[in-house]
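Descriptive structure summary
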Number of protein chains: 2
Amino acid sequence: MSKYAPSLTKAHQAFLSDLFPHDGCVLSPEGLAVFSADASGERAMPWAVVRPETREQVQEFLKWADVERMPIYGRARGTGRVGSAVPSLGGVVVSMLRMNQILDVNEDDFVAVVQPGVVTADLQAACAAKQLFYPPDPASVKISTIGGNIATCAGGLKAVKYGVTRDWVLGIEAVLPGGRVLHMGGRSHKDVVGLDLKRLFAGSNGTLGLFTELTVKLIPLPEASASVLVGFFDLASSMEGAKAVFRAGVLPAACEFMDGPTIQAIRMGDDIPLADDAQAALLLMVDGTQKGVDAEVRRMVAALESVHPVSMEVGSGAEAEALWDVRRSISPSSFRIKPDKLAEDISVPRGSVGQAVAAAHDIGREHGLQVLCFGHLGDGNIHVSIMHDGAVQNEVESAHLAKDVVFRMALSLGGTISGEHGTGLTKASFVSEQLSVDELQLMADIRHVFDPNGIMNPGKGL
Amino acid sequence: MSKYAPSLTKAHQAFLSDLFPHDGCVLSPEGLAVFSADASGERAMPWAVVRPETREQVQEFLKWADVERMPIYGRARGTGRVGSAVPSLGGVVVSMLRMNQILDVNEDDFVAVVQPGVVTADLQAACAAKQLFYPPDPASVKISTIGGNIATCAGGLKAVKYGVTRDWVLGIEAVLPGGRVLHMGGRSHKDVVGLDLKRLFAGSNGTLGLFTELTVKLIPLPEASASVLVGFFDLASSMEGAKAVFRAGVLPAACEFMDGPTIQAIRMGDDIPLADDAQAALLLMVDGTQKGVDAEVRRMVAALESVHPVSMEVGSGAEAEALWDVRRSISPSSFRIKPDKLAEDISVPRGSVGQAVAAAHDIGREHGLQVLCFGHLGDGNIHVSIMHDGAVQNEVESAHLAKDVVFRMALSLGGTISGEHGTGLTKASFVSEQLSVDELQLMADIRHVFDPNGIMNPGKGL
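As annotated in an unreviewed UniProt entry, chain A carries the name Glycolate oxidase and comes from Pseudodesulfovibrio nedwellii. Of the comments in the UniProt record for chain A, the one headed Cofactor (unreviewed entry) reads "FAD".

If you want it as structure tokens, here you go:
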């Protein structure tokens, strides 16, 4: 017998409708369907969706959920790629989107205090208006929320210089199952009193509690930035190019790469500012003061030239945006090759990226599929897209087999099966290949400390 | 009855002498005395000291210690300021100083792999030889170890730009009570598989396990740096000066301040490059490419001039070292005022530093004692030195009373009782004023997951 409530009773429905009046509680099948999936395509119908507007509602709700052994799935914009927000055991989805106030952007304390449902780009804009900067920028930044970003420890383009989301979290207010409220950390930039619970919550994927207020660290907004798109004859040269930049003492704010198949896919529909014979490319950005940026660009260009690129474009402002359009076009362009893809995000030690990409290409060939590799070279985080046709059964099977081999390849290089997407449902079966039995047991025991009845985001194999 | 072994029996001694042959096991009173204290002055005699050289020894040892319910105190150079390494319940001190190999400094992966007993400055030098940079630099960097730095989540001068020690930890191999070995994280710069156990170990003060191997993130070594020492008429102007620098878009690598009493204490014995009427000073550093640094210095100087400083010295290389000598002279100079001090390290929201320093001065006056404030303005981390004469009983009492009021003042400003030293023995009684009953219980429960018998660094009130 499951330890969870088997269904949502009439009494449960009445409780939820009462606690979340008007359209704060969704029970209709059409309404629920909207909350059944995330960007992974995984899908499971929740029994109810609730939309809290206050911390007090979250407390009452989690008190009830714990008593009722109700599976609970925190959710914001549903942009996750691995099914972490999918209510795989039914239960109640909690949409945090109505808790969407920016409470403070503070130029003296260099912090922002926000509710979890704030879209990260909106937070960044509010910061920029005061010449402040919140650096983490997952690709989804314009649509995903700060709560979701912290729950998943979102990565992004600028992690090579600025770190990932967890590095910017100073304070978390969260409600635990049973309704206890924790105020972890706060506005102090340094704090070493006790275990670092707030960092444990970052990346915990809603398994420990629900966020109700978040405090993040800010820095001064860099005055200027510039970008360089540089093409190479082959992948190995592009890796050498990146090494030359770092060796020249430049820490780029972004250091992206794309392989030959990725460039080809873009070319199938778009003109791009890369030489025709480019079989690999780097897209680098530096930021800082205008004069510092000018100096770093000169140094970066000199370093790249030493590796004999086939083309190089430098730009700032609108010109830089045109270069970044190439990066942004990768995902839509990939579907020119095949209508479907498995989009993975392995991460490997930085020096092994070339080897990992070559191995991914081989794996694709062995499975009769085209594999595109691109992503965050600067931190070893490779997006591996295994292109296939979902209507062709043996391609689907091959793609899934290839994905398994890609994961094992990453692990064999000392890497990880996920640099930024998480494991959710789609990688659940691989977690035990990366983590030891001891680690998994310790993680389960830690979750049990916060959530003794296991109601928070259950069914994810973690 | 205590849950711990009441003493070290002959059989225990024989086991330890066998596992740690030659001088690997210390049992003589003179030998043990060396390991009884740390830089806090707190003191308690251990029953034995062991000096492992291999992970296997650590495993065997922690298997035995768990069975025997033996209190265990990990220790490196004993530079801690709060008694965290002091064996307050007796038991066995584990000196990690013989595990002191730099195993890898890797220019391709941008990581270093080290044993815990490596002195942090030695690691930094090994990195610098390859044009790589490990930024965290606690004041003790020349004598303290990377293992101790990670165990305490050491802060330091450069945290304002580069973050604290925990932000640089990629992988931790640790042995748990009972002898299980955990390999958490590794050489990947990004990893979001499972809860972030390695960051939980960072700052856990030896309460979860003993480190045997550590992997830290590196970046390219900045080519250049420059420093500015600037004097102001009063504390409020110095705070305005720092604000002006940040407002100008400069993120300094270090942003230190010192108050009037601190400047006076230095002047009692040294000539310093500050105008005679300086009643507060800032010491700022920027780093990066040479041209970037030049540009940032110009901008910083312009920003500071807008606040009408009374003096300003700019330097790089040896000239900068002369400016930093002022900072380094603070601690020895303070004893010109009184022979003893309570040296605290509160942290407050950055914008409240001026208010906190003024309050600390008031508290000193009310207790008839001189209080010096200096430290890491950039991250709100203030070193408060309460000067007194330890031979005069009522001064000692006043100093301790003043310390209590300083802690409560920090908490009332939304700050913390420790930005980087930790709480150990000296602040143990204040932990419950900062952390809630729920947080304390959760932390205890998490420690119980790793250390069910509570043998790791017990007796610290945390």
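Here the focus is the nonpolar core. One finds Phe450 of chain A together with Phe450 of chain B to be the most contacted residues of the largest nonpolar core, which totals 218 residues. For Phe450 of chain A, the residues in contact, after removing those within four places along its chain, are Leu176, Pro177, Leu182, Leu197, Leu200, Phe201 and Leu208 of chain A together with Leu442 and Ile446 of chain B.

We now examine the UniProt feature "domain: FAD-binding PCMH-type" (unreviewed entry) in chain A. In this numbering, the UniProt entry assigns the feature "domain: FAD-binding PCMH-type" (unreviewed entry) to residues 42-221 of chain A. A helix fraction of 22% and a strand fraction of 24% characterise residues 42-221 of chain A, whose end C-alpha atoms lie 38 Å from each other.

Applying the stated criterion to the full structure yields 54 salt bridges over all chains. In this structure, the salt-bridge partner of Arg55 of chain A is Glu56 of chain A, at a minimum N-O distance of 3.7 Å. The exposure class assigned to Arg55 of chain A is partly exposed, which follows from its relative accessible area of 26%. On the basis of relative accessible area, Glu56 of chain A is assigned to the partly exposed category, the value being 45%. Linking Asp167 of chain A and Arg199 of chain B is a salt bridge whose minimum nitrogen-to-oxygen distance equals 3.1 Å. Placement of Asp167 of chain A in the loop between α6 (159-162) and β8 (169-175) and of Arg199 of chain B in helix α7 (residues 197-201) is noted, with the two residues assigned to different chains. One exposure class covers both Asp167 of chain A and Arg199 of chain B, and it is buried. Shared partners join several salt bridges into a network, and the residues in it are Arg166 and Asp167 of chain A together with Asp196, Lys198 and Arg199 of chain B.

Its identity is not glycine, yet Gln131 of chain A carries a phi of approximately 60°, on the positive side. Counting through the fold element by element, Gln131 of chain A comes out in the loop between α4 (120-128) and β7 (132-133). Given the relative accessible area of 48%, Gln131 of chain A is considered partly exposed. Even without being glycine, His22 of chain B reaches a positive phi, approximately 55°. Considering the arrangement of structural elements, one finds His22 of chain B in the loop between α1 (10-19) and β1 (25-26). Residue classification places His22 of chain B among the exposed residues on the basis of a relative accessible area of 79%.

Okay, the side chain of Ser418 of chain B next. Among the structural elements, Ser418 of chain B can be located in the loop between α14 (393-412) and α15 (431-434). A polar atom in the side chain of Ser418 of chain B sits 2.7 Å from the backbone nitrogen of Gly422 of chain B.

On to the interface of chain A and chain B, then. Contacts between the two partners involve 83 residues from chain A, matched on the other side by 83 residues from chain B. Here chain A and chain B share an interface that buries about 6,700 Å² over both sides, 61% of which is from carbon and sulfur atoms. A per-residue breakdown of the area chain A buries against chain B is headed by Lys190, Val192 and Leu195 of chain A, which together make up 13% of the total. For the pair chain A and chain B, the interface holds 14 salt bridges. Of the charged contacts, one joins Arg180 of chain B and Asp438 of chain A as a salt bridge, the two residues approaching to 3.3 Å between their closest N and O atoms. Remark: the boundary between chain A and chain B carries 30 residue pairs in polar contact (both at pLDDT 80 or more). Listed by contribution, the elements that provide at least two residues to the side of chain A that touches chain B are β9 (181-185), α7 (197-201), β11 (219-220), α8 (235-247), α10 (290-305), α15 (431-434) and α16 (437-450) of chain A. Grouping the constituent residues of the side of chain A that touches chain B by class yields 32 nonpolar, 27 polar and 24 charged.

Here we come to the packing of aromatic side chains. Across all of its chains, the model carries 18 aromatic pairs over all chains by this definition. On the basis of an interplanar angle of 45° and a centroid distance of 6.4 Å, the ring pair of Phe201 of chain B and Phe211 of chain B is categorised as tilted. Residue Phe201 of chain B is located in helix α7, and its partner Phe211 of chain B is located in strand β10 (residues 210-217); the two are separated by ten residues in the primary sequence. Taken together, the aromatic side chains of Phe15, Phe20, Phe61 and Trp64 of chain A make up a single cluster linked through ring pairs. Above the plane of the ring of Trp168 of chain B lies Lys217 of chain B, whose end atom (NZ or CZ) is 5.2 Å from the centre. The ring of Phe110 of chain A has Arg350 of chain B lying over it, and the distance from NZ or CZ to the ring centre is 4.1 Å.

All names here are of chain B. Within the open sheet, the five strands sit side by side as β5-β6-β10-β8-β9. Their pairing is antiparallel. This sheet does not close on itself; its edge strands, each paired only once, are β5 (102-106) and β9 (181-185). The sheet shows a mean angle of 10° between the axes of neighbouring strands, taken without regard to direction. Taken strand by strand, helix α3 (residues 55-68) contacts β8 (169-175), β9 and β10, and its axis lies near 55° from that of β8.

This part is about the domain arrangement of chain A. Accessible area lost on assembly of the parts is the figure often given for the size of an interface. Residues and elements named next belong to chain A. Domain boundaries in chain A define domain 1 (10-97), domain 2 (102-220), domain 3 (224-329) and domain 4 (337-434). Inter-centroid distance (C-alpha atoms) of domain 1 to domain 4 is 32 Å. Taken residue by residue, the interface counts eight residues in domain 1 and eight residues in domain 4. At the boundary of domain 1 with domain 4, total buried surface from both sides reaches about 620 Å², with 66% on carbon and sulfur atoms. Ranking the residues of domain 1 by area buried against domain 4 places Glu42, Arg81 and Val82 at the top, with a combined share of 77%. Counting the contacts that link domain 1 with domain 4 gives zero salt bridges. Our enumeration of links across domain 1 and domain 4 arrives at two residue pairs in polar contact (both at pLDDT 80 or more).

So, about the relation of the copies chain A and chain B. Relative to chain B, chain A is turned by 180° and slid 0.0 Å along the rotation axis, the superposed coordinates differing by an RMSD of 0.0 Å. Both chain copies can therefore be described as sitting about a two-fold axis. Minimal C-alpha separation from the rotation axis in chain A is found for Gly292 of chain A, amounting to 1.8 Å.

Conventions we followed
Residues numbered from 1 in each chain as written. Chains lettered and ligands numbered in written order. Predicted model: local features only at pLDDT ≥ 70, side-chain atom pairs only at ≥ 80, totals over all residues. Heavy atoms only, no water. UniProt positions renumbered as here; feature names shortened; annotations may be inferred. Core = buried A, V, L, I, M, F, W, Y, C linked by side-chain atoms within 4.5 Å. Buried < 20%, exposed > 50% of the residue type's maximum accessible area, 1.4 Å probe, protein only. Contact = heavy atoms within 4.5 Å. Helix = DSSP H or I, 4+ residues; strand = E, 2+ residues; numbered from the N terminus. Salt bridge = Lys/Arg side-chain N within 4 Å of Asp/Glu carboxyl O. Polar contact = N/O pair within 3.5 Å; in protein donor to acceptor, adjacent residues only side chain to side chain. Buried area = accessible area lost by both parts, 1.4 Å probe. Nonpolar A, V, L, I, M, F, W, Y, C, P; charged D, E, K, R; others polar. Phe/Tyr/Trp six-rings, centres within 6.5 Å; stacked < 30°, edge-to-face > 60°. Lys NZ or Arg CZ within 6 Å of the ring centre and 35° of its normal. Pairing = 2+ DSSP bridges. Axes fitted to C-alpha atoms, helices over the stretch in contact; angles between N-to-C directions. Domains from an automatic or database assignment. Least-squares fit on C-alpha atoms with pLDDT ≥ 70 in both.

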